[in-house]
Amino acid sequence: MLKHTKTNLIVDALIMLAVAIFCFVTPQGTISTLAWILGALFIVGGVITFIVSRKKEEGTDILRLVTAILMAVVGVIIILRPNIIAILVGLVVLVEGIDFTMLSLRYRKAGIRYWGALLAVGLLIVLLGLWAVLTPWVGATMLSVIMGLGCLGVTADCVMALISIDRVENFFKSPTAN
């Protein structure tokens, strides 16, 4: 049982390490790959929604047809313009930064200490969001680096689990464990 777990951890760690290296070395390739996967999912989702909406017994729901068409169109746009992903992520980051900034002002009004730290973080997040939206190629690189860091984190987790499994196994094999 542990042998299979060890093998799986090693394979997972190597795959995540390879993906992390890919993210760091080819940020645009990472975004393009992500765009193809995400675009294909949107297109397939649109086709499935279209098919399901056509099979309704009481007739075709026009809203479902519009949703199906929009999903497919968004999928094609994502594939043709991969940097749109960075723009969308940038918009989310921008809104989050505005929310943090507004929250800090409410904290100030309520007399909560350290509201200024939240204000500084909120403004920094706003700037990062604007940067990603206004320069999508930079936003795409940032997104790729963040994905790479996440993959490195998973790699480290697999290695730590592998080390822990060896220690537990050795502990139970030793004569003092009984």
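Before reading further, recall that the structure is shown in the block above.
Because the structure is a prediction, the values reported are computed rather than measured.

**Student:** What should I look at first to understand the overall build of the protein in this one?
**Tutor:** Along the protein, the regular secondary structure elements total six helices and zero strands. Along its sequence from the N terminus, the protein presents helices and strands in the succession α-α-α-α-α-α. For the protein, whose C-alpha radius of gyration is 24 Å, the value lies well above the compact-globule estimate of 16 Å for 178 residues. A fraction of 72% describes how many contacts in the protein between residues 6 or more apart in sequence connect residues 24 or more apart.

**Student:** Is there a simple way to think about helix H5 (residues 115-134) in this case?
**Tutor:** Think of an α-helix as 3.6 residues a turn; residues three or four steps apart then line up on the same face. Its 20 residues place the ends of H5 28 Å apart at the C-alpha level, agreeing with the 28 Å of an ideal helix rising 1.5 Å per residue. Residues of H5 that are buried: Leu118, Gly122, Ile125, Val126, Gly129 and Ala132. Within H5, the buried residues cover an arc of 130° as seen down the axis, which keeps them to one side. Away from its buried face, by an angle of more than 90 degrees, H5 presents the exposed residues Leu124, Leu127 and Leu134.

**Student:** Can you help me understand the nonpolar core in this one?
**Tutor:** Looking at soluble globular proteins, one finds that nonpolar side chains tend to be buried together. Ranked by size, the top nonpolar core spans seven residues in total: Ile31, Ala35, Ile78, Ile85, Ala86, Ala140 and Leu143. Elements supplying a minimum of two residues to this core: helix H2 (27-54), helix H4 (84-110) and helix H6 (136-173). In contact with alanine 86, not counting residues within four places along its chain, are Ala132, Pro136, Gly139 and Ala140.

**Student:** Mind showing me how you'd approach the environment of valine 95 here?
**Tutor:** If you trace the backbone, valine 95 turns up in helix H4. On the basis of relative accessibility, which here comes to 54%, the residue valine 95 falls in the exposed class. With 35 residues separating them along the chain, valine 95 and leucine 130 place their C-alpha atoms 9.8 Å apart.

**Student:** Explain the state of the cysteines here, please?
**Tutor:** Tallied over the full model, the rule gives zero disulfides. No disulfide involves cysteine 23; its sulfur sits 5.0 Å from the nearest other cysteine sulfur, which is in cysteine 151. A residue is classified by how much of its surface remains accessible, and cysteine 151, at 12% relative accessible area, is buried.

**Student:** Whenever I open this one, the packing of H4 against H5 confuses me. Can you help?
**Tutor:** A pair of packed helices is captured by two measures, namely the crossing angle of their axes and the spacing between those axes. At a minimum axis separation of 7 Å, H4 and H5 run at an interaxial angle of 160°. Here H4 lies roughly antiparallel to H5, going by the angle between them. Pair H4 / H5 crosses with left-handed handedness. Each residue belonging to the contact of H4 with H5 can be placed in one class, and the counts come to 20 nonpolar, six polar and two charged.

The rules behind these values
Residues numbered from 1 in each chain as written. Predicted model: local features only at pLDDT ≥ 70, side-chain atom pairs only at ≥ 80, totals over all residues. Heavy atoms only, no water. Helix = DSSP H or I, 4+ residues; strand = E, 2+ residues; numbered from the N terminus. Rg over C-alpha atoms; globule rule 2.2 N^0.38 Å. Contact = heavy atoms within 4.5 Å. Expected span 1.5 Å × (residues − 1). Buried < 20%, exposed > 50% of the residue type's maximum accessible area, 1.4 Å probe, protein only. Arc of directions from axis to C-beta. Core = buried A, V, L, I, M, F, W, Y, C linked by side-chain atoms within 4.5 Å. Disulfide = S-S within 2.5 Å. Axes fitted to C-alpha atoms, helices over the stretch in contact; angles between N-to-C directions. Parallel < 35°, antiparallel > 145°, perpendicular 65-115°, else oblique. Left-handed = near helix turned anticlockwise from the far one by under 90°. Nonpolar A, V, L, I, M, F, W, Y, C, P; charged D, E, K, R; others polar.

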